[in-house]
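The primary structure of each chain is shown beneath.
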Amino acid sequence: MGVVNVTPDSFSDGGQWFEPDAAISHARRLVADGAAVIDVGGESTRPGAAPVPEDEEIRRVVPVVEALAGQVRISVDTRKENVARAAVRAGATLVNDVSASLWAVAADLGVGWVAMHMKGEPRTMQTAPRYRNVVDEVAAYLEAHAEAASVAGVAEIWVDPGFGFGKNAEHNLSLLHHLDRIVALGWPVVVGLSRKTTLGRLLAASDAGRRSPSETSSLDDLEPTPPDDRLEGSIATQVWAMQRGAAMIRAHDVRAAVQAAQVVAA
Ligand code: HH2
């Protein structure tokens, strides 16, 4: 799943694909690189991001979806019912829902649905997130939401542990370590690891000569490498996830992710 952020403020590529023409040609590049799905988003969900009004989000997303539909499968990355509806009218067939709240809309529209786990909401989610057991909590949340969607009649349901959404480095690593628990729920798993901050912190730790995993306890205090310098961490964790049964990888660097997948498959 290749990421196309039609936003001025996304954490890793904000502003680069904000103009529709730039977004469309970037998406075509990702398809040529091997993306099977293009995920079009008009609102950043990075920590601290400001909400975008519905009509503005529709204005950003719909022309891009319209231009690409028919050439590749399109998902719409949104938390808003009317944005999902407008994108599906324009040709999207999957709703990538970081709020895991739009299952009835997906059922009504007859499209697929991704349920992602998020603790809190983007404006505040990274302020001291806490869990009793992050793996248990995320697994139970995804199971309950997928079940509700299934009962409501959604025919295609994906689950995603939501790396970085209300989770510190230890939570993210714990979820990755136990990804088999999420896979064992029985729903196909999507992972969004690409360029995430925890990877930037691990790479910064490596640059600083901290090579031992036992030295990663204070990772959250480290200044991460910049988002466009997190490729090695993205690929390493994507390969880890593929080997543990993730069925879809949400990626900015599609060529590298597809190449890694081909090597793993071989
Ligand atoms: N991560 C982001 C956005 N949408 N959707 C799913 N299913 N899983 C994820 O991990 C996920 C997601 C954040 O990445 P990005 O879209 O690049 O940034 P922003 O939210 O700042 O636009």
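Every value quoted in this text rests on a predicted model; they were computed, and no experiment measured them.

The subject of this paragraph is the site of the ligand. Residues in contact with the ligand amount to 17 residues; listed here are only the nearest, Ser10, Ser44, Asp160, Lys196 and His252. Gly192 places a polar main-chain atom, nitrogen or oxygen, 3.3 Å from an oxygen atom of the ligand. In isolation the ligand offers 480 Å² of accessible surface; the protein chains occlude 99% of this area. For the shell around the ligand, the per-class residue count stands at 5 nonpolar, 7 polar and 5 charged.

Attention now moves to the nonpolar core. Judged by nonpolar contacts, the single largest core of 61 residues is most densely connected at Ile38, Trp113 and Val191. With 7 residues, the top contributor of residues to this core is helix H5 (residues 134-152). Membership of the second largest hydrophobic core comes to 7 residues, among which are Val37, Leu94, Val114 and Trp158.

Moving on, we come to the packing of helix H1 (residues 20-32) against helix H2 (residues 54-68). The geometry of H1 relative to H2 is characterised by a closest axis approach of 9 Å and an angle of 40 degrees between their N-to-C directions. Compared by their axis directions, H1 and H2 come out oblique. For the pair H1 and H2, the crossing hand works out as right-handed. Residues Pro20, Ala23, Ile24, Ala27 and Arg28 of H1 lie in contact with H2, whose contacting residues are Pro63, Val64, Ala67 and Leu68. Residue composition of the contact of H1 with H2, by class: 8 nonpolar, no polar and 1 charged.

By the secondary structure assignment, Asp160 is in strand E6 (residues 157-160). Distance in space between the C-alpha atoms of Asp160 and Val40 is 17 Å, their sequence separation being 120 residues. Only 2.8 Å separates the side chain of Asp160 from the backbone nitrogen of Gly162, close enough to count as a polar contact.

Here we come to the side chain of Asp13. Structurally, Asp13 is set in the loop between strand E1 (2-5) and H1. Buried and unpaired, Asp13 has no salt bridge, with Arg195 as the nearest side chain of opposite charge at 5.2 Å. At 3.4 Å, the side chain of Asp13 forms a polar contact with the side chain of Trp17. Among residues more than four places away in sequence, those in contact with Asp13 are Asn5, Arg195 and His252.

Running from N to C, H5 and helix H6 (residues 169-177) point in directions that differ by 65 degrees, and their axes come no closer than 9 Å. Overall, the two elements H5 and H6 adopt an arrangement that is roughly perpendicular. The chirality of how H5 crosses H6 is right-handed. Contact with H5, carried on its side by Val134, Val135 and Val138, involves His171, Ser174 and Leu175 of H6 and no other residues of that element.

Cut-offs and rules
- Residues numbered from 1 in each chain as written.
- Predicted model: local features only at pLDDT ≥ 70, side-chain atom pairs only at ≥ 80, totals over all residues.
- Heavy atoms only, no water.
- Near = heavy atom within 4 Å.
- Polar contact = N/O pair within 3.5 Å; in protein donor to acceptor, adjacent residues only side chain to side chain.
- Areas by Shrake-Rupley, 256 points an atom, 1.4 Å probe, with all protein chains shown as cover.
- Nonpolar A, V, L, I, M, F, W, Y, C, P; charged D, E, K, R; others polar.
- Core = buried A, V, L, I, M, F, W, Y, C linked by side-chain atoms within 4.5 Å.
- Buried < 20%, exposed > 50% of the residue type's maximum accessible area, 1.4 Å probe, protein only.
- Helix = DSSP H or I, 4+ residues; strand = E, 2+ residues; numbered from the N terminus.
- Axes fitted to C-alpha atoms, helices over the stretch in contact; angles between N-to-C directions.
- Parallel < 35°, antiparallel > 145°, perpendicular 65-115°, else oblique.
- Left-handed = near helix turned anticlockwise from the far one by under 90°.
- Contact = heavy atoms within 4.5 Å.
- Lys, Arg positive; Asp, Glu negative; His and termini not counted.
- Salt bridge = Lys/Arg side-chain N within 4 Å of Asp/Glu carboxyl O.

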